[in-house]
Amino acid sequence: MVVRIEETALKEAAAKGTDAFLTLIHDSILAAAGGEVNAETLTRLNGEQTTLLAYFILRSEVMDGGFIQLIHNGYGPFIFLNPFAKAMRLWGAHDFGKLVYKGRKLFGKYGKELCKECSDDEFMALFEQYPKFDSLDDAFVEMEEEVTGIIAHYVDEHLEQFISINS
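Residues numbered from 1 in each chain as written. Predicted model: local features only at pLDDT ≥ 70, side-chain atom pairs only at ≥ 80, totals over all residues. Heavy atoms only, no water.

Visitor: Is there a simple way to explain the environment of T18 in this structure?
Guide: For T18, the position within the fold is in helix α2 (residues 18–32). C-alpha separation for the pair T18 and I151, spaced 133 residues apart in sequence, amounts to 9.2 Å. Excluding its chain neighbours within four sequence positions, the residues that come into contact with T18 are T148, G149 and A152. (Helix = DSSP H or I, 4+ residues; strand = E, 2+ residues; numbered from the N terminus. Contact = heavy atoms within 4.5 Å.)

Have a look at this one:
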């Protein structure tokens, strides 16, 4: 899908920093795809665009409630059963790719239990029941800024795979 961004908007976002640059591209891709990530909208995107959306989902979920929340909210298959970790390695985020592979192993082991419907109290209890996710959460929080920078660099170097610039 062709996602168009005005050159001036892109330059302004880039001048504000990594997060603003990536957010503009992410938000533009998401808007072009219909505003939400689902099986239908993903068919409109290329692999690079899909991977960027996946990173934003992972970052948001993990920073808010860890990998347990990511899995509980239904994103486990999207992140762990697709070549997301491999893409992260190819984009230059090697340590993050390894972290996602570790998460995939835990998802394979505990994913069904973590995806069950539950009350808020039962959800909070999942963090006590599955402490193996704690080290993944901590590692991501520590590397998030670096990973986001690596991803921004990759996107900038391969911009034509993500967007088309209107001059």
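Further notes follow.
Visitor: Which parts of the structure should I look at to understand the pattern of salt bridges?
Guide: Side-chain pairing between opposite charges can occur once the charged atoms of the two side chains come close. This model, assessed by the stated rule, comprises 4 salt bridges. Note that D19 and R59 form a salt bridge whose closest N and O atoms lie 3.3 Å from each other. In this pair, D19 is assigned in helix α2 and R59 in helix α4 (residues 47–72), connecting sequence segments 40 residues apart. Since its relative accessible area comes to 14%, R59 is described here as buried. Note that R44 is salt-bridged to E40, the shortest N-O span being 3.0 Å. Since its relative accessible area comes to 34%, R44 is described here as partly exposed. Owing to a relative accessible area of 54%, E40 belongs among the exposed residues under this scheme. Salt bridges linked by common partners bring D19, R59 and E144 together as one network. (Salt bridge = Lys/Arg side-chain N within 4 Å of Asp/Glu carboxyl O. Buried < 20%, exposed > 50% of the residue type's maximum accessible area, 1.4 Å probe, protein only.)

Visitor: What am I meant to see in the layout of surface pockets here?
Guide: Empty pockets left among the atoms are what a rolling probe the size of a water molecule brings to light. One number sums up the size of the largest pocket: a volume of about 200 Å³. Along the wall of the largest pocket there are 13 residues; nearest its centre are G47, T50, T51, P83 and F84. At the level of secondary structure, the elements contributing two or more residues to the lining of the largest pocket comprise α4 and α6 (84–90). With 5 residues, the single largest contributor to the lining of the largest pocket is α4. (1 Å grid on protein atoms, 1.4 Å probe; cavity = no way out; pocket = protein on both sides within 12 Å on 5 of 7 lines; lining within 4 Å. Points joined across faces, edges and corners; volume = space filled by probe spheres on them.)

Visitor: For this particular structure, what's the right way to read the environment of D27?
Guide: Structurally, D27 can be placed in helix α2. Each C-alpha atom of the pair D27 and Y75 lies 19 Å from the other, and the pair is 48 residues apart in sequence. Reaching out from D27, the side chain makes a polar contact with the side chain of H26 at a distance of 2.8 Å. (Polar contact = N/O pair within 3.5 Å; in protein donor to acceptor, adjacent residues only side chain to side chain.)

Visitor: How should I be thinking about the packing of α4 against helix α9 (residues 134–157) in this particular structure?
Guide: Describing two packed helices takes the angle between their axes plus the distance from one axis to the other. It is at 10 Å that the axes of α4 and α9 come closest, and there the two elements cross at 155 degrees. Relative to α9, α4 is oriented roughly antiparallel. α9 is crossed by α4, and the crossing has left-handed handedness. Residues E48, L52, Y55, L58, R59, V62, M63, G66 and F67 of α4 touch α9, and the partners they reach there are L136, D137, F140, V141, E144, V147, T148, I151, Y154 and V155. (Axes fitted to C-alpha atoms, helices over the stretch in contact; angles between N-to-C directions. Parallel < 35°, antiparallel > 145°, perpendicular 65-115°, else oblique. Left-handed = near helix turned anticlockwise from the far one by under 90°.)

Visitor: Would you explain the side chain of H72 in this entry?
Guide: One can find H72 in helix α4. Using a relative accessible area of 18% as the deciding quantity, one classes H72 as buried. Among all residues touching H72, those that are not within four sequence positions of it are L114, C115, K116, C118, F123 and L126.

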